[in-house]
Amino acid sequence: MQHVEIGRENEHSNIEALLAFGFDEGFARAFASLAEPGDLPARIVEVRRGRYSALRADAAGGLVEVEALLSGAFMNRAETGGDFPAVGDWAVLRQAGAAGGGAAGVAEVSGPALITAVLPRRSAFARKAPGETGRDKVEAQVLAANVDSAFIVIAAGRDWNPRRLERYLALAEEAGVRAVVVITKADLAENPEALLEEAASTALGVERALVCAPEGRGLESLAERLAPGKTIVLLGSSGAGKSTLLNALAGRALAPTGEVRADDERGRHTTTHRQLYRLSGGALVIDTPGLREVQLWAEEESVDAVFEEIEERATRCRFRDCRHENEPGCAVRAALEAGDIDLGRYESWRKLRREVAYLDSRSDPAARRAEAERWKAINKSMRGYSKERRSIAGKSRD
Ligand SMILES: Nc1nc2c(ncn2[C@@H]2O[C@H](COP(=O)(O)OP(=O)(O)O)[C@@H](O)[C@H]2O)c(=O)[nH]1
Ligand SMILES: [Mg+2]
Ligand SMILES: [Zn+2]
């Protein structure tokens, strides 16, 4: 394996400028093990229908954004949708015509760059790929990679839907990423306190913020989450105010807002544009288009972790394999009847569990588990961490 030192010019590249985009020693090592002479590390900053923009160092010590395609070898190797690059990924970039050039360094060669590999992810937000993927086969689509935390954006008013929150929280749990619930459009809330409370009883132990981005209200609490070189992803439905929030955090219009949902006759989303931005403070923010359909790509444990009160009751059922339907001695049903578990939560939990069961029936659960472990190799301890945090939050609630 080649040795790469950060902040030192070497035969590969001048990578110092990439540090501001989250590059570090771990990524440098992974890069060195996959790269050939002349290759460059680059972060995927934009994905548009299978076309990629990547950010790499230039010869002058700055950064340049280049268009990139997948190499033929990459395409041959890719087995499932989850193998393809996503916004936030670190990639090995090869300038066409420069391969094998040896001393090419950071030569400014024109022509398309090729992505030859994606570096192992530290976290990945995935959903079940929408649309036609074959009748018997379901696949993952990675929405964002190498993310440090997720802002789950939900607007007061018409968008308000705690059930959707649970779905995103399960994805965050699966990704091993810390979530913050951001309630936007505070100006539309008749009773903002009630929304905060509902969010608290839906997202147990998860941080919450109430903002009105156009007026700059509530942004300070979020600003604390925005550390230089750390990556945040904005998730939430179309029109929830994600791009408006991004622009307010940036202090300037980085992303277009107010976009109208673009559907074709079949009702499918035509906007597939995800982009990574850098705020002047140094934080990196991934904006995603409104997702109409966020089908789970998760394991049972990730769903259960979002419904802690149910998970806890379930340990007291008479039968170990109780499905909490009509079994005798079911502690979950008993708690439901006593009003200790909310019916909406119970039904939501069952729905998400059914989605996982569907995934299990249409994909190889062992393969999915292995894939998930690969994506969060470094964040593996997060699940235990978030549990611990929850119980602390639960205790201090009274
Ligand atoms: N009333 C109100 N409208 C907002 C607020 N934030 C965003 N909007 C509007 O909501 C619409 C969708 O916002 P946008 O940021 O594009 O949503 P996105 O699809 O999640 O990126 C736009 O018309 C915004 O002007 C807010 O705090 N209050
Ligand atoms: Mg937007
Ligand atoms: Zn039960």
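Above this text sits the structure in question.
Residues numbered from 1 in each chain as written. Chains lettered and ligands numbered in written order. Predicted model: local features only at pLDDT ≥ 70, side-chain atom pairs only at ≥ 80, totals over all residues. Heavy atoms only, no water.

Of regular secondary structure, the protein possesses 12 helices and 13 strands. Within the protein, buried positions represent 51% of all 398 residues. Across the protein, the fraction of contacts at a sequence separation of at least 24, relative to all contacts at a separation of at least 6, is 69%. Total accessible area on the protein is roughly 18800 Å²; 49% of this is exposed by carbon and sulfur atoms. (Helix = DSSP H or I, 4+ residues; strand = E, 2+ residues; numbered from the N terminus. Buried < 20%, exposed > 50% of the residue type's maximum accessible area, 1.4 Å probe, protein only. Contact = heavy atoms within 4.5 Å. Areas by Shrake-Rupley, 256 points an atom, 1.4 Å probe, with all protein chains shown as cover.)

Right, let's get into the environment of A305. Within the element layout of this structure, A305 appears in helix α7 (residues 300-306). Taking the C-alpha atoms as reference points, A305 and E174, separated by 131 residues in sequence, lie 9.5 Å from one another.

Quick look at the environment of R43 now. Here R43 is to be found in strand β1 (residues 40-48). Spatially, the C-alpha atoms of R43 and L18 are 8.4 Å apart, while their sequence positions differ by 25 residues.

Now for the site of ligand 1. Ligand 1 sits among 16 residues. The nearest are D187, G239, K242, T244 and G258. The backbone of G239 places a nitrogen or oxygen atom 2.8 Å from an oxygen atom of ligand 1. Within the backbone of G241, one N or O atom sits 2.9 Å away from an oxygen atom of ligand 1. In isolation ligand 1 exposes 580 Å². Once the protein is present, 76% of that is buried. In terms of residue class, the shell around ligand 1 is made up of five nonpolar, eight polar and three charged. (Near = heavy atom within 4 Å. Polar contact = N/O pair within 3.5 Å; in protein donor to acceptor, adjacent residues only side chain to side chain. Nonpolar A, V, L, I, M, F, W, Y, C, P; charged D, E, K, R; others polar.)

The coordination sphere of the zinc ion (ligand 3) contains the protein donors C317 (SG), C322 (SG), H324 (ND1) and C330 (SG), at a distance range of 2.1 to 2.4 Å. Coordination at the zinc ion (ligand 3) is tetrahedral: its four donor atoms span angles of 101 to 115 degrees at the metal. As a motif over one chain, the donors of the zinc ion (ligand 3) read C-x4-C-x1-H-x5-C. Per residue, the accessibility class of H324 equals that of C330, and both read buried. (Donors = N, O, S within 2.8 Å, 3.2 Å for Na, K, Ca; no water. Tetrahedral: all angles 85-135°; square planar, octahedral: opposite > 155°, others 65-115°.)

It is worth spelling out the nonpolar core at this point. With 80 residues, the main nonpolar core has L93, I115, F125, V181, V233 and V303 as its most contacted residues. In terms of domain composition, this core takes at least three residues from each of domain 1 (16-120) and domain 2 (123-259 + 269-398). Setting aside residues up to four positions removed in sequence, V303 forms contacts with A170, L296, W349, L352, R353 and V356. (Core = buried A, V, L, I, M, F, W, Y, C linked by side-chain atoms within 4.5 Å. Domains from an automatic or database assignment.)

This brings us to unusual backbone geometry. Within the chain, N146 stands out as a residue other than glycine whose phi angle is a positive 55 degrees. With respect to the helices, strands and loops of the structure, N146 is situated in the loop between β7 (140-145) and β8 (149-155). Accessibility expressed as a relative area gives 7% for N146, which makes it buried. Not every positive phi belongs to a glycine, and K185 is a case in point at roughly 55 degrees. Tracing the chain through its elements places K185 in the loop between β9 (178-184) and α4 (192-202). A relative accessible area of 30% places K185 in the partly exposed class.

For helix α10 (residues 343-362), which comprises 20 residues, the first-to-last C-alpha distance of 29 Å matches the rise-based estimate of 28 Å (1.5 Å per residue) to within 8%. Restricting attention to buried positions, one finds in α10 the residues R345, Y346, S348, W349, L352, E355, V356 and L359. At the N-terminal end of α10, a side-chain oxygen is found 3.1 Å from the backbone nitrogen of G344, two or three residues along, and the residue is D342. (Expected span 1.5 Å × (residues − 1).)

In this section: the pattern of salt bridges. On inspection of all chains with the given rule, the structure shows 21 salt bridges. Note that R163 is salt-bridged to E166, the shortest N-O span being 2.9 Å. Here R163 pairs with E166, and both are found in helix α3 (residues 162-175), just three residues apart, close to one helical turn. In this structure, R345 engages E309 in a salt bridge whose closest nitrogen and oxygen atoms are separated by 2.9 Å. One end of the pair, R345, is in helix α10; the other, E309, is in helix α8 (residues 308-314), and 36 residues separate them in sequence. The burial state of R345 is the same as that of E309; both residues are buried. (Salt bridge = Lys/Arg side-chain N within 4 Å of Asp/Glu carboxyl O.)

These figures capture arrangement, not role.
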